[in-house]
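Breakdown of the fold
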Amino acid sequence: INGITIGVVCGGAVAWCEMFVFTSMGRRRNLISIISLKVIAYVFILTFTIFVVILISRSIQSGQDPITTFYGEPFQHLLFQEDFHIMVLYAIVMMTIIIFTKEMGRKMGQQVLVNFITGKYSRPYYEERIFMFLDLDASSSLAETLGDFKYHQFLNEFYYDIADEIVDTHGEIYHYVGDEVVVSWKMKRGLA
C-alpha cells in the first residue's frame, strides 16, 4: 500500500510539473539548468512523499499520532541509521539519469538518441527514407530587419516550435543548416 501510494502521488505530481510548470522552460534555460531544476524538484517531491507516507503508515501501525511517531526512536532510527538516506541517494541518481535521457531525446530527437546509444551510426547500411528540407522564406531580409541577436532568438523559437511537431510525427532531425532544418522519416511513418 505504501509503494502504491508513493507511486501514485509522485507520478501525479511529476506529470503535473511536466505539463504545467516546466513546459516553457526549454526556451529560456540551458540543458544543465533544466536537468538540475527538475532533479531538485522531483527528488524533493519523492523524498517528501516517502517521508509522509512512511510516517503516516508507522503512525497507524503503532496507534500513535504522527508527531509522537516522528519523535519516537523507531522512526528516528529509520531516518538516520536505516535506508532513508539510501532511498534519497537512489532517487537523485535515477532522476538524473531519467531526466537527462528524456531531455537529450527531446533536444536530439528520440530516435536519434536511441540510434546513437545502440551504435547504429557506426555501421553503414541502406535505408529508404522521406526527407523534408524546411527553410525559412526571406530569412536574409528578416535577419537584417531584426538584427543579429533578435534573429538568433527568432531561430531558437522556430526550432523549439517545430521540434514538438517533428517528434509527434516520428520524424528525426537530421541536422540544422543556418535557418534550414533537414528532417527525415522512415518510409512507413513518413507516408502515414
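Refer to the structure printed above.
1. Comments concerning the overall build of the protein
Across its full length, the protein holds ten helices and three strands. The globule rule puts the C-alpha radius of gyration for 192 residues at 16 Å, and the 23 Å found for the protein is more than 25% above it. A principal-axis box enclosing the C-alpha atoms of the protein has dimensions of 70 × 45 × 30 Å. Across the protein, contacts joining residues at least 24 apart in sequence account for 59% of those joining residues at least 6 apart. Side-chain charges of the protein comprise 15 positive and 20 negative groups, with the mean position of each set lying 4 Å from the other.

2. Some points on unusual backbone geometry
Of note in this structure, Ala138 is not a glycine but carries a positive phi near 55°. Relative to the helices and strands, Ala138 resides in the loop between β1 (129-135) and α8 (139-146). Of note in this structure, His170 is not a glycine but carries a positive phi near 65°.

3. Here's the deal with the side chain of Glu180
For Glu180, the location among the structural elements is in strand β3 (residues 180-186). Buried and without a salt bridge, Glu180 has Arg129 as its closest oppositely charged side chain, separated by 16 Å. Those residues within four positions of Glu180 in sequence are excluded, and the remaining contacts are Phe133, Leu134, Asp135, Tyr159 and His175.

4. Regarding helix α3 (residues 31-62)
Taking 1.5 Å as the rise per residue, α3 with 32 residues should run 46 Å; its terminal C-alpha atoms sit 46 Å apart, in good agreement. For α3, the N-terminal cap is Asn30; the gap from its side-chain oxygen to the backbone nitrogen of Ile32 is 3.3 Å.

5. Remarks on the pattern of salt bridges
Under the defined criterion, the tally for this structure stands at six salt bridges. Residue Glu18 is joined to Lys38 by a salt bridge in which the shortest nitrogen-to-oxygen separation is 3.1 Å. Taken together, the residues span a long stretch of sequence, with Glu18 in helix α1 (residues 2-21) and Lys38 in helix α3 at a distance of 20 residues. Among the residues examined, Glu18 registers a relative accessible area of 22% and is labelled partly exposed. The buried category is assigned to Lys38, whose relative accessible area is 3%. Between Glu103 and Lys102 there is a salt bridge, with its nearest N and O atoms 3.9 Å apart. Looking at Glu103, the relative accessible area reads 6%, which means it is buried.

Definitions and cut-offs
- Residues numbered from 1 in each chain as written.
- Predicted model: local features only at pLDDT ≥ 70, side-chain atom pairs only at ≥ 80, totals over all residues.
- Heavy atoms only, no water.
- Helix = DSSP H or I, 4+ residues; strand = E, 2+ residues; numbered from the N terminus.
- Rg over C-alpha atoms; globule rule 2.2 N^0.38 Å.
- Contact = heavy atoms within 4.5 Å.
- Lys, Arg positive; Asp, Glu negative; His and termini not counted.
- Charge placed at Lys NZ, Arg CZ, Asp CG, Glu CD.
- Buried < 20%, exposed > 50% of the residue type's maximum accessible area, 1.4 Å probe, protein only.
- Salt bridge = Lys/Arg side-chain N within 4 Å of Asp/Glu carboxyl O.
- Expected span 1.5 Å × (residues − 1).
- Polar contact = N/O pair within 3.5 Å; in protein donor to acceptor, adjacent residues only side chain to side chain.

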